[in-house]
Amino acid sequence: MLIRFLGGAVICATAVGVLSAQSPIPLPIETTQTTIPIPAIRIDVGSPLTTAPSRLMNRPFGYPGTTISNALPALQMPPALAKPTQPAKPEPMQEAAPAPHTPNTHLLANGGCGAIACPPAACAACCDPCGPPGRLWIDAGYWYGTITGQNVPPLVSAAPPGTPRAQAGALGQPNTTVLYPTGKVNDNWRSGFYLNTGLWFDKCQTCGIEGNLFFLGTSRERSVSGSDGTNIVTRPFFNTQNGMPDTQLVSFPNVLAGTVTVDSRSNFIGGGVNFIKNLCCTPCSRFDLLVGYHYMSLEDEINIRENLTSLPGQPNVTPGTQFVVNDNFRTSNTFNGVNIGVSTDRRYSHWYLGARAGVALGNVHQQVDINGSTTITSPGFAPRTFSGGLLAQPSNIGTYERDRFAAIPWLGVRLGLHVTPRIRTYVGYDFMYFSNVVRAGDQIDLRVNPTQIPPRTNGVTGPAFPTFTPRETGAAINAIRFGIEARY
């Protein structure tokens with residue numbers, strides 16, 4: 001019994017000693033965070049004594065910045081012994097250095113606009129151009145366009161063989177066919193050229209100057225009608241002596257053989273100089289104001305020429321007598337004025353879209369020239385030339401000029417591709433409207449007093465017709481442009 005008692009006592013004493021060795025011994029704790037120079041200890045990565053084990057691995061307590069309080073956050077101090085710590089003063093934040101500026105010339109290399117932008121506050125310093133690089137540009141393109149055609153009255157008519165001479169080719173007769181014109185004249189599409197060149201005064205591309213030149217090639221229509229006397233070909237007019245439609249013969253069986261040629265032409269050219277002022281700018285687009293001078297010229301001409309030979313059936317005329325009859329109508333419109341407009345350009349990666357619109361206001365100088373002549377050559381006699389043809393007579397022959405106010409609204413759009421940062425190609429559409437112009441076909445008066453027709457053997461009686469009455473209209477220019485632009 002005693003042996004059992006002593007064995008139990010020994011076991012209890014041993015247990016008490018083991019428990020005493022494992023219990024923490026209270027140490028005096030300083031209220032300040034002072035480093036303790038004790039040997040370095042190793043804290044395992046998975047130890048519950050640290051919340052950031054990777055920061056304390058292989059670091060001694062004496063390592064600068066290592067204290068009991070920050071090295072062993074799991075040890076809690078009694079509230080009564082803990083001394084409140086002073087909050088750490090925040091370190092002053094340093095402003096981030098501005099990112100190096102990359103010029104907009106690399107927009108294409110970086111995949112398009114929007115990838116690089118100049119901050120608004122730094123625009124004065126970086127001064128990126130609002131467009132492709134280069135202070136000098138040359139834009140040349142092929143222009144393919146049309147102008148509103150002329151309204152020309154019937155100048156040549158025909159009738160089937162057997163038609164009585166009094167009715168042959170007269171307007172209003174059921175068997176009369178108009179040979180020329182068959183529609184509007186000189187409204188065909190034709191080739192031309194467009195050139196625009198300019199210079200920026202500053203590297204920021206905010207102010208500059210440009211000059212442009214454009215023209216369409218001559219539009220020409222030529223019609224030849226006639227016969228050796230087998231068919232009936234005539235020139236219609238309205239007889240003011242009897243108030244009835246009438247004709248002048250060109251070809252009629254056993255009376256006259258000959259041809260009539262109508263040659264109509266039209267020319268167009270324009271250009272100007274503009275000062276450019278930027279109103280709005282981003283790395284990918286710009287919006288500019290254009291103010292300058294605008295010039296435009298539109299010329300038309302209609303020439304009618306007859307070559308006739310009398311046949312034996314012509315009364316009072318020696319067979320073989322030749323007649324050359326000319327009527328010429330020519331008009332020119334020269335515009336000089338002030339141009340005001342806007343221009344915009346927007347880039348989308350390698351593509352861009354541009355547009356220009358405005359109006360030119362100023363003076364158009366109108367000039368109308370009407371001339372006519374008849375040359376008669378009888379067998380064995382010298383040629384005789386008289387003033388006046390058929391539709392150009394002394395009553396309307398002359399040069400007429402006047403100045404009128406005109407407005408020219410214009411619009412242009414184009415879609416292009418940046419081939420390189422300094423070269424781009426495009427396709428575009430241009431529209432212009434030239435108001436208050438005189439066209440040659442509108443100045444032709446079909447009213448004729450036949451006593452004025454050369455050789456006027458019996459004198460002139462009755463009213464003086466044809467007359468000149470200026471008639472104005474408008475002309476629209478529509479063109480497609482294919483061009484290339486280079487910058488230096």
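Remember, it's a predicted structure, so these values are computed and weren't measured experimentally.

About the thresholds
- Residues numbered from 1 in each chain as written.
- Predicted model: local features only at pLDDT ≥ 70, side-chain atom pairs only at ≥ 80, totals over all residues.
- Heavy atoms only, no water.
- Helix = DSSP H or I, 4+ residues; strand = E, 2+ residues; numbered from the N terminus.
- Buried < 20%, exposed > 50% of the residue type's maximum accessible area, 1.4 Å probe, protein only.
- Contact = heavy atoms within 4.5 Å.
- Areas by Shrake-Rupley, 256 points an atom, 1.4 Å probe, with all protein chains shown as cover.
- Salt bridge = Lys/Arg side-chain N within 4 Å of Asp/Glu carboxyl O.
- Pairing = 2+ DSSP bridges.
- Core = buried A, V, L, I, M, F, W, Y, C linked by side-chain atoms within 4.5 Å.
- pLDDT = per-residue confidence, 0-100.
- Phe/Tyr/Trp six-rings, centres within 6.5 Å; stacked < 30°, edge-to-face > 60°.
- Polar contact = N/O pair within 3.5 Å; in protein donor to acceptor, adjacent residues only side chain to side chain.

(A) Main features of the overall build of the protein. A tally of regular secondary structure across the protein gives four helices and 16 strands. Across the 488 residues in the protein, those meeting the buried criterion constitute 41%. In the protein, the proportion of contacts linking residues at least 24 apart, taken out of those at least 6 apart, comes to 75%. Total accessible area on the protein stands at roughly 26,000 Å², and carbon and sulfur atoms take up 63% of it.

(B) Structural view of the pattern of salt bridges. Scanning the entire structure with this criterion turns up 19 salt bridges. In this structure, Asp327 and Arg235 form a salt bridge, with 2.9 Å as the shortest nitrogen-oxygen distance. Here Asp327 is found in strand 10 (residues 322–348), whereas its partner Arg235 is found in strand 6 (residues 232–239), with 92 residues between them in sequence. Arg235 gets classed as buried once you look at its relative accessible area, which sits at 0%. Two residues, Glu485 and Arg424, come together in a salt bridge whose shortest N-O distance is 3.2 Å. Taken as a pair, Glu485 in strand 16 (residues 472–487) and Arg424 in strand 14 (residues 423–438) lie far apart in primary sequence, 61 residues in all. Neither residue differs from the other here; Glu485 and Arg424 are each classed as buried. When salt bridges with common partners are traced through the structure, they connect Asp139, Asp345, Arg414, Arg424, Asp430, Arg481, Glu485 and Arg487 into a single cluster.

(C) Here's a closer look at the pairing of strand 12 (residues 384–387). Alignment of strand 11 (residues 351–377) against strand 12, held across four bridges, turns out to be antiparallel. By the bridge assignment for strand 12, Thr374 is matched with Phe386. Where strand 11 folds back on strand 12, the antiparallel hairpin that results is connected by six residues, among which Gly380 adopts a positive phi of roughly 85°.

(D) Inspection of the nonpolar core at higher detail. If you look at the biggest cluster of nonpolar residues, it comprises 36 residues, and the most contacted ones within it are Leu155, Ile302 and Leu391. In this structure, Leu391 is in contact with Leu155, Arg235, Phe237, Ile304, Asp327, Phe329, Asn396, Ile444, Asp445, Leu446, Val448 and Pro466, ignoring residues within four places of it in sequence. By size, the runner-up hydrophobic cluster in this structure holds 24 residues, among which are Trp137, Phe214, Val364 and Ala406.

(E) Seen up close, the confidence of the model for the protein. Predicted confidence across the protein gives a mean pLDDT of 82, with 74% of residues reaching 70 or more. Of all the helices and strands in the protein, helix 2 (residues 53–56) carries the lowest mean pLDDT, 40, while strand 2 (residues 156–159) carries the highest, 98. When the criterion is pLDDT under 50, residues 1–82 qualifies, and its contacts beyond four places in sequence or with other chains add up to 42 contacts. For the stretch residues 101–126, pLDDT sits under 50, and the model shows 38 contacts to residues farther than four places along the chain or on other chains.

(F) Representation of the packing of aromatic side chains. This model, assessed by the stated rule, comprises nine aromatic pairs. For the pair Trp143 and Phe214, a centre-to-centre distance of 5.5 Å together with 55° between the ring planes defines the contact as tilted. Here the residue Trp143 occupies a position in strand 1 (residues 136–147), and Phe214 occupies one in strand 5 (residues 207–227), the gap between them amounting to 71 residues. The exposure classification of Trp143 matches that of Phe214, with both residues buried. When the centroid spacing of 4.0 Å and the interplanar angle of 15° are considered together, the rings of Tyr400 and Phe468 count as stacked. With Tyr400 in strand 13 (residues 398–420) and Phe468 in the loop between strand 15 (447–448) and strand 16, this residue pair connects regions lying 68 residues apart in the sequence. A relative accessible area of 25% places Tyr400 in the partly exposed class. Through a chain of ring-to-ring contacts, the aromatic side chains of Trp143, Tyr194, Phe214 and Phe268 assemble into a single cluster.

(G) Summary view of the side chain of Glu485. Glu485 gets classed as buried once you look at its relative accessible area, which sits at 3%. A distance of 3.2 Å separates a polar atom in the side chain of Glu485 from a polar atom in the side chain of Arg414. Here Arg487 takes part through its side chain, which lies 2.7 Å from a polar atom of the side chain of Glu485. Not counting residues within four places of it along the chain, the set of residues in contact with Glu485 comprises Ile138, Asp139, Arg414, Arg422, Ile423 and Arg424.

(H) Summary view of unusual backbone geometry. Here Tyr180 and Pro181 are connected by a cis peptide whose omega angle stands at -5°. Within the secondary structure layout, Pro181 lies in the loop between strand 3 (177–180) and strand 4 (190–200). Pro455 follows Pro454 through a cis peptide bond whose omega is 15°. Looking at the element boundaries, Pro455 is found in the loop between strand 15 and strand 16. Phi angles above zero are rare outside glycine, and Asn316 is one such case at about 60°. Even without being glycine, Ser349 reaches a positive phi, approximately 55°. You can see Ser349 is positioned in the loop between strand 10 and strand 11.

(I) Main features of the environment of Pro245. Topologically, Pro245 is positioned in strand 7 (residues 244–251). For Pro245 and Leu171, which are 74 residues apart along the polypeptide, the C-alpha to C-alpha distance reads 6.1 Å. Beyond its immediate chain neighbours, meaning those up to four positions away, Pro245 contacts Ala170, Leu171, Phe237 and Phe238.

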